[in-house]
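If you want the building blocks of each chain, they are given just below.
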Amino acid sequence: MNRKEALEIVKEQLNEARYTHTVGVMETAIKLAEKYGEDVKKAELAAIFHDYAKFRPKDEMKEIIIEQNMSKDLLEHHHSLWHAPVGAYLVQKEVGIEDEAVLRAIEYHTYGRPNMTMLEKIVYVADYIEPGRSFPGVEEVRQSAENSLDEALFLCLRNTIVFLIGRKQPIYPMTINTYNSLVQ
Ligand code: GDP
Ligand code: FE
Ligand code: FE
Ligand code: FE
């Protein structure tokens, strides 16, 4: 599957804004892969499909989480987290992507995990800093990604947790675990 084919497949799953975001993540992930010596094609593929399941109905995602024996605590947390692991599953099942490293980068793109691979870090950070993003603090993370992928990743996690606390939102335990793994 080349880039054009992959983008055509994912475009059908997304709205205009989310597709534009996806192209931004793809371009950013490619740059990070070149800078840090990761496989550019894997970064491109994982980025293109990272939000594949973003618009699946909540009920469908819930069913997949239960049927596929995914972490049960997902269902106790906000449904905006579900598209990441469900996306990894659907991209394998519906698109036929079998590359485990790519699938795991999709699975962990929202909450990370301790000991992330470089590919997982790249997709996570690219999702946060792509040119269309305008969170407070994103410019600092962009600067940081020029020098250290780990420092940029830490800032993404820190900002996300601070943002959620500010909104009185619960924090998914894996998000905390990822954060802790980066400060220890
Ligand atoms: P997007 O799919 O490109 O919008 O970005 P992500 O997949 O990274 O995040 C999806 C949503 O999940 C965003 O609104 C995040 O703020 C939110 N999110 C990330 N981590 C957590 C968490 O630990 N708890 C909660 N409640 N939301 C989170
Ligand atoms: Fe996402
Ligand atoms: Fe993200
Ligand atoms: Fe995204």
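An account of the accompanying structure is given in this report. (Residues numbered from 1 in each chain as written. Chains lettered and ligands numbered in written order. Predicted model: local features only at pLDDT ≥ 70, side-chain atom pairs only at ≥ 80, totals over all residues. Heavy atoms only, no water.)

### A few points about the pattern of salt bridges
In step 1: Throughout the structure, instances matching the rule amount to 15 salt bridges.
In step 2: For the salt bridge of Arg18 with Asp51, the shortest nitrogen-to-oxygen distance reads 2.9 Å. Note that Arg18 is positioned in helix 2 (residues 16-36) and Asp51 in the loop between helix 3 (40-49) and helix 4 (58-67), a separation of 33 residues in sequence.
In step 3: A salt bridge links Arg113 to Glu120, with the nearest nitrogen and oxygen atoms 2.8 Å apart.
In step 4: Each of the salt bridges in this network shares a partner with another, and the network as a whole consists of Arg3, Lys41 and Glu44. (Salt bridge = Lys/Arg side-chain N within 4 Å of Asp/Glu carboxyl O. Helix = DSSP H or I, 4+ residues; strand = E, 2+ residues; numbered from the N terminus.)

### Remarks on the nonpolar core
In step 1: Val10, Phe49, Leu74, Val86, Ile97 and Val125 are the most contacted members of the largest nonpolar core, which has 59 residues in total.
In step 2: Excluding anything up to four places from it in sequence, Val86 contacts Ala53, Met61, Ile64, Ile65 and Met70. (Core = buried A, V, L, I, M, F, W, Y, C linked by side-chain atoms within 4.5 Å. Buried < 20%, exposed > 50% of the residue type's maximum accessible area, 1.4 Å probe, protein only. Contact = heavy atoms within 4.5 Å.)

### Some remarks on the coordination of the iron ion (ligand 4)
In step 1: Donor atoms from the polypeptide that bind the iron ion (ligand 4) are His21 (NE2), His50 (NE2), Asp51 (OD) and Asp127 (OD), placed at 2.2 Å.
In step 2: For the iron ion (ligand 4), the single-chain donor residues occur in sequence as H-x28-H-D-x75-D.
In step 3: Separation of the iron ion (ligand 4) from the iron ion (ligand 2) amounts to 3.6 Å, with Asp51 serving as a shared donor to the pair. Residue His21 is found in helix 2, and its partner Asp51 is found in the loop between helix 3 and helix 4; the two are separated by 30 residues along the sequence. (Donors = N, O, S within 2.8 Å, 3.2 Å for Na, K, Ca; no water.)

### Remarks on the site of ligand 1
In step 1: Around ligand 1 lies a shell of 18 residues, among which Arg18, Lys54, Thr110, Arg133 and Thr175 are the nearest.
In step 2: In this structure, His21 approaches ligand 1 through a side-chain N or O atom, which is 3.1 Å from an oxygen atom.
In step 3: Measuring from a nitrogen atom of ligand 1, one finds a backbone N or O atom of Pro170 at 3.1 Å.
In step 4: Relative to its unbound accessible surface of 580 Å², ligand 1 loses 83% to contact with the protein.
In step 5: Looking at the shell around ligand 1, the elements that each hand over two or more residues are helix 2 and helix 9 (149-166).
In step 6: Classifying every residue of the shell around ligand 1 by side-chain character gives 5 nonpolar, 8 polar and 5 charged. (Near = heavy atom within 4 Å. Polar contact = N/O pair within 3.5 Å; in protein donor to acceptor, adjacent residues only side chain to side chain. Areas by Shrake-Rupley, 256 points an atom, 1.4 Å probe, with all protein chains shown as cover. Nonpolar A, V, L, I, M, F, W, Y, C, P; charged D, E, K, R; others polar.)

Geometric descriptors of this kind do not, in isolation, establish any biological role.
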